[in-house]
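# Observations on the model geometry
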Amino acid sequence: MKTRIIEVSARSAAPAEAVWELLADVSTWSHWGAFDESVLERPGREHPQGVGALRRFRAGRVHNQEEVVRFEPPYAFAYEVRAGDIPVRDYHADVELTPAPEGGTVLTWRSSFRARWPLAPLIHRRLQAFIADTAGRLAIAAQDGEHPMRW
């Protein structure tokens, strides 16, 4: 099983702080993302959404549990899958928010994982599409001003 890498980028007209506000708060993911449910199962050590936080997602019948492993507002966020229905191992994702020179923010979402052949190419394609969709939705939600306090 070789490690596979996915990297996608999206651009938001919103500043990094507005993108971060949505990215860091798991309760917002089901509002702007393709998730039916997004909840905090266990708060982080120093910040409720920070390092050590355990988050659960559901999209249809697919469940995923992730642990936050990096939380550096408002520019760096990382998580690892701890349990779930997607047949991958060692899933790790880094999300970086970089201020764009012309204004706004560039989101870079990098994921690595291992999957067994012959499913690996299919899983790679589906995850790449899903991650690109998620990054794009986050970028749009932040620039449209869809902030947690509105919900």
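These figures come from a predicted structure and were not determined experimentally.

This next bit is on the packing of aromatic side chains. For the structure on display, the rule yields twelve aromatic pairs. Seen in terms of ring centroids, F71 and F77 are 6.3 Å apart; in terms of plane orientation they differ by 65°. Their pairing is edge-to-face. As far as burial versus exposure is concerned, F71 and F77 are alike and both buried. Put simply, the rings of W20, F71, F77, Y79, Y91 and F113 touch in pairs and so form one group of aromatic residues. Positioned over the ring face of W29 is R55, at 4.8 Å from the centre of the ring. Here the guanidinium or amino end of R55 rests over the ring plane of Y79, the centre of that ring lying 5.9 Å away.

Position of T3 among the secondary structure elements: in strand β1 (residues 3-12). For T3, a relative accessible area of 48% corresponds to the partly exposed category. Along the chain, T3 and A115 lie 112 residues apart, while their C-alpha atoms are 7.7 Å from each other. Those residues in contact with T3 that sit more than four places away from it in its chain are S112, F113 and R114.

Glancing now at unusual backbone geometry. A cis amide bond, omega -10°, links P73 with the succeeding residue P74. With respect to the helices and strands, the residue P74 is situated in the loop between β4 (62-72) and β5 (76-84). Of note, the amide linkage connecting W117 to P118 takes the cis form, showing an omega dihedral of 15°. Its place among the elements puts P118 in the loop between β7 (105-114) and α3 (120-143). We note that D90 has phi near 55°; this positive angle belongs to a residue other than glycine. Looking at the element boundaries, D90 is found in strand β6 (residues 89-99).

Quick look at the nonpolar core now. Burial of nonpolar side chains together is a common tendency in soluble globular proteins. With 39 residues, the main nonpolar core has L23 and W109 as its most contacted residues. Those elements giving two or more residues to this core turn out to be β1, α1 (16-24), α2 (29-32), β4, β5, β6, β7 and α3. Counting residues per element, this core draws most heavily on α3, at nine residues.

To continue, consider the sheet that holds β5. Spatially, the seven strands line up as an open sheet ordered β1-β7-β6-β5-β4-β3-β2, and their pairing is antiparallel. This sheet does not close on itself; its edge strands, each paired only once, are β1 and β2 (37-42). Adjacent strand axes in the sheet meet at a mean angle of 25°, parallel and antiparallel pairs treated alike. Across the sheet, α1 touches β1, β3 (54-59), β4, β5, β6 and β7, and the angle it forms with β6 is around 155°.

So, how was this worked out
Residues numbered from 1 in each chain as written. Predicted model: local features only at pLDDT ≥ 70, side-chain atom pairs only at ≥ 80, totals over all residues. Heavy atoms only, no water. Phe/Tyr/Trp six-rings, centres within 6.5 Å; stacked < 30°, edge-to-face > 60°. Buried < 20%, exposed > 50% of the residue type's maximum accessible area, 1.4 Å probe, protein only. Lys NZ or Arg CZ within 6 Å of the ring centre and 35° of its normal. Helix = DSSP H or I, 4+ residues; strand = E, 2+ residues; numbered from the N terminus. Contact = heavy atoms within 4.5 Å. Core = buried A, V, L, I, M, F, W, Y, C linked by side-chain atoms within 4.5 Å. Pairing = 2+ DSSP bridges. Axes fitted to C-alpha atoms, helices over the stretch in contact; angles between N-to-C directions.

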